[in-house]
Amino acid sequence: MEQIARTPQQIGAAVRRVRRQQNLTQAKLGAKVTFRQATVSKLEAGEPRTQLCTLLDVLGALNLELVIRPRTSTTQSDFETIF
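Colleague: Looking at this structure, how should I read the overall build of the chain?
Modeller: Along its length, the chain carries five helices and zero strands. Seen in sequence order, the chain has helices and strands lined up from the N terminus as α-α-α-α-α. Across the chain, the fraction of contacts at a sequence separation of at least 24, relative to all contacts at a separation of at least 6, is 56%. Taken as a whole, the chain presents about 6300 Å² of accessible surface, with 53% of it coming from carbon and sulfur.

Colleague: Please clarify how a nonpolar patch on the surface should be interpreted in this entry.
Modeller: A cluster of nonpolar residues, Leu52, Leu56, Leu66 and Ile68, forms a patch on the protein surface that exposes about 430 Å² of accessible area. Note that leucine 52 resides in helix H4 (residues 52-61). Residue classification places leucine 52 among the exposed positions, given a relative accessible area of 54%.

Colleague: Is there a simple way to think about the environment of glutamine 3 in this case?
Modeller: With respect to the helices, strands and loops of the structure, glutamine 3 is situated in the segment before helix H1 (8-21). In this structure, the C-alpha to C-alpha distance between glutamine 3 and alanine 14, residues eleven residues apart in sequence, is 7.3 Å. Apart from residues lying up to four places away in sequence, glutamine 3 is in contact with Ala14, Arg17 and Val18. Side-chain polar atoms of glutamine 3 contact the side chain of arginine 17, separated by 2.7 Å.

Colleague: How should I be thinking about the nonpolar core in this particular structure?
Modeller: Val15, Val18, Leu24, Leu29, Val33, Val40, Leu43, Leu55, Val58, Leu59, Ala61 and Leu62 form the largest nonpolar core, which has twelve residues in total. At the level of elements, H1, helix H3 (37-44) and H4 are the ones that each hand at least two residues to this core. Examining the composition of this core, we find that four residues originate from one element, H4, more than from any other. Leave out the neighbours within four places in its chain, and leucine 24 touches Arg19, Leu29, Lys32 and Leu62.

Colleague: For this particular structure, what's the right way to read the side chain of glutamine 26?
Modeller: Considering the arrangement of structural elements, one finds glutamine 26 in helix H2 (residues 26-32). Each residue touching glutamine 26, except ones within four places of it in the same chain, is listed here: Arg19, Gln37, Val40, Ser41 and Glu44.

Criteria and thresholds
- Within any chain, residue numbers begin from 1 and follow the written order of that chain's sequence.
- Where local features are concerned, this predicted model is filtered to residues with pLDDT of at least 70; where side-chain atom pairs are given and counted, the filter is 80 or more; whole-chain, interface and lining totals use all residues.
- Side-chain calculation: all heavy atoms of the structure are included, whereas hydrogens and water are not.
- We count a stretch as a helix when DSSP gives it H or I for four or more residues in a row; a strand needs E for two or more, and each element gets its number in order from the N terminus.
- Note on contacts: a residue pair is in contact if any heavy atoms of the two residues lie within 4.5 Å.
- Accessibility throughout is a Shrake-Rupley quantity obtained with a 1.4 Å probe, and a residue counts as covered only by protein chains that appear here.
- Every patch collects residues that have over 30% relative accessible area and no salt bridge, joining them within 9 Å if they carry like charges and within 5 Å if they are nonpolar side chains (Val, Leu, Ile, Met, Phe, Trp, Tyr).
- We define a salt bridge as a contact between a side-chain nitrogen of Lys or Arg and a carboxyl oxygen of Asp or Glu at a distance within 4 Å.
- Relative accessibility thresholds used throughout: buried, under 20% of the residue-type maximum; exposed, over 50%; partly exposed, between the two (1.4 Å probe, protein chains only).
- Side-chain atoms alone can form a polar contact between residues adjacent in sequence; in general such a contact is a pair of N or O atoms within 3.5 Å, and within protein one must be able to donate a hydrogen while the other accepts it.
- The definition of a nonpolar core used throughout is a set of buried Ala, Val, Leu, Ile, Met, Phe, Trp, Tyr and Cys residues joined through side-chain atoms within 4.5 Å.

Quick look at the structure:
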């Protein structure tokens, strides 16, 4: 399932969602990449000072990858059709 994340908080929420789907605690995920539980917690909270290598290590441990592509755009009419 693809997820679009544009903020640190959205990235953290996506990581949390996948971690829980894989029945991993923050401590178990941290152990897989030799990080403390607190480091995983900060990443999931959207801590703005999280290092890119930390994010990439966690994504790899969850069998996820980062894809860079042009940002999609939405218009007001797109939102109106949803609601």
